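Analysis of the macromolecular model
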Amino acid sequence: GRLNERVQRSLTTADIVRLGLRPKNGRGWRWHIPLTLVHRVRVELPLDPYVVGALIANGCMTTQSGTMLTTPDTDVAKLVGIAIEIRKMNDADETICDRYYLPGLAKVTESLGLRVKSALKRIPRSYLESSREQRIGLLHGLMDADGSSRDETRRSVTYHTTSFGLAGDVVELVTSLGGTASLR
């Protein structure tokens, strides 16, 4: 087998203390506690979860002009466009990110509590309590818009936000899917 292949076994806390937390080389951790994801049933949601994630991350919904998405990533715009109508705005200033108008979403984004300034953004509770597939779509939307990854050896990602409440919601979302997350 591989040198770093994991064998599952149950140990008491006393066994873990006796054997030590770190391997002999001192790098990393010797033990891994598997996490489980929260299973929930699919629920009817007013907007596609990916769209909600992208709007939370890069949506502008505080003006009277409607609902807009700002992103330099055309793939995000394409994925949003699969679920809802999206129109690229023709901005004269080419130094700013592409902006997209999403018509007809004012009432639904208001009902979801999304029409707030960035520091007050939160994930709607109905989306945090949706099915695994719906929560994964939500996380994809969030990460595609405001996430980043480290080099391949670390296998970790970061979500960037100015909203402390949203940061806590993302931790809840990730852990409900069996991942690990922390705030910095």
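This text gives an overview of the structure that appears in the document. Note that the structure is predicted; figures quoted are calculated from it, not measured.

So, the overall build of the protein chain
What the protein chain contains, in helices and strands, is seven helices and six strands. From first element to last, N terminus to C terminus, the protein chain shows the α and β order α-α-β-β-α-β-β-α-α-α-β-β-α. Here the C-alpha radius of gyration of the protein chain, 20 Å, is well above what a compact globule of 184 residues would show, namely 16 Å. Along the first, second and third principal axes, the C-alpha set of the protein chain runs to 65 × 40 × 30 Å. For the protein chain, contacts bridging at least 24 residues in sequence account for 60% of all contacts bridging at least 6. Working note: accessible area of the protein chain is about 12500 Å², and carbon and sulfur atoms make up 52% of it. Positive and negative side-chain charges of the protein chain, numbering 26 and 20 respectively, have mean locations separated by a distance of 10 Å.

Side note on the environment of R42
Tracing the sequence through the fold places R42 in the loop between α1 (13–19) and α2 (49–58). Here R42 falls in the exposed class, since its relative accessible area comes to 63%. Measuring from C-alpha to C-alpha, the distance between R42 and T62 comes to 30 Å, with 20 residues separating the pair along the chain. The residues touching R42, leaving out its near neighbours within four places in the chain, are S131 and Q134.

Some thoughts on the side chain of T71
Structurally, T71 is set in the loop between β2 (68–70) and α3 (74–83). Residues within four places of T71 in sequence aside, it is in contact with N58, V76, C97, D98 and Y100.

Some details on the nonpolar core
By size, the foremost hydrophobic cluster in this structure holds 35 residues, and its most contacted members are L47, V80 and I123. Mapped by element, the contributors of at least two residues to this core are α2, α3, α5 (125–128), α6 (132–146) and α7 (164–176). Look past the residues within four positions of L47 in its chain and what remains in contact with it is V52, L55, I84, L105, V108, T109, L112 and Y127.

Considering the sheet that holds β2
The antiparallel open sheet is built from four strands, whose spatial order is β1-β2-β4-β3. In this open sheet, the two strands that pair with only one neighbour each are β1 (59–60) and β3 (87–88). Of the strands in this sheet, β1 and β2 touch α2, which is tilted by about 70° from β2.

Description of the side chain of S163
Along the polypeptide, S163 turns up in the loop between β6 (157–159) and α7. In this structure S163 comes out as buried when scored by relative accessible area, which is 1%. Polar contacts involving the side chain of S163 include one to the main-chain carbonyl oxygen of K121, which spans 2.8 Å. Leave out the neighbours within four places in its chain, and S163 touches S118, A119, L120 and K121.

Describing the pattern of salt bridges
Counting across every chain of the model gives seven salt bridges. As a salt-bridge pair, R125 and E129 come within 3.5 Å of each other at their nearest N and O atoms. A relative accessible area of 39% means that E129 is categorised as partly exposed. For R125, the salt bridge goes to E172, with nearest N and O atoms at 2.9 Å. With a gap of 47 residues between them, R125 in helix α5 and E172 in helix α7 connect regions that are remote in the sequence. Its relative accessible area of 40% is what places R125 among the partly exposed residues. Three or more residues are tied together by salt bridges with common partners; here these are R125, E129 and E172.

Parameters and conventions
- Residues numbered from 1 in each chain as written.
- Predicted model: local features only at pLDDT ≥ 70, side-chain atom pairs only at ≥ 80, totals over all residues.
- Heavy atoms only, no water.
- Helix = DSSP H or I, 4+ residues; strand = E, 2+ residues; numbered from the N terminus.
- Rg over C-alpha atoms; globule rule 2.2 N^0.38 Å.
- Contact = heavy atoms within 4.5 Å.
- Areas by Shrake-Rupley, 256 points an atom, 1.4 Å probe, with all protein chains shown as cover.
- Lys, Arg positive; Asp, Glu negative; His and termini not counted.
- Charge placed at Lys NZ, Arg CZ, Asp CG, Glu CD.
- Buried < 20%, exposed > 50% of the residue type's maximum accessible area, 1.4 Å probe, protein only.
- Core = buried A, V, L, I, M, F, W, Y, C linked by side-chain atoms within 4.5 Å.
- Pairing = 2+ DSSP bridges.
- Axes fitted to C-alpha atoms, helices over the stretch in contact; angles between N-to-C directions.
- Polar contact = N/O pair within 3.5 Å; in protein donor to acceptor, adjacent residues only side chain to side chain.
- Salt bridge = Lys/Arg side-chain N within 4 Å of Asp/Glu carboxyl O.

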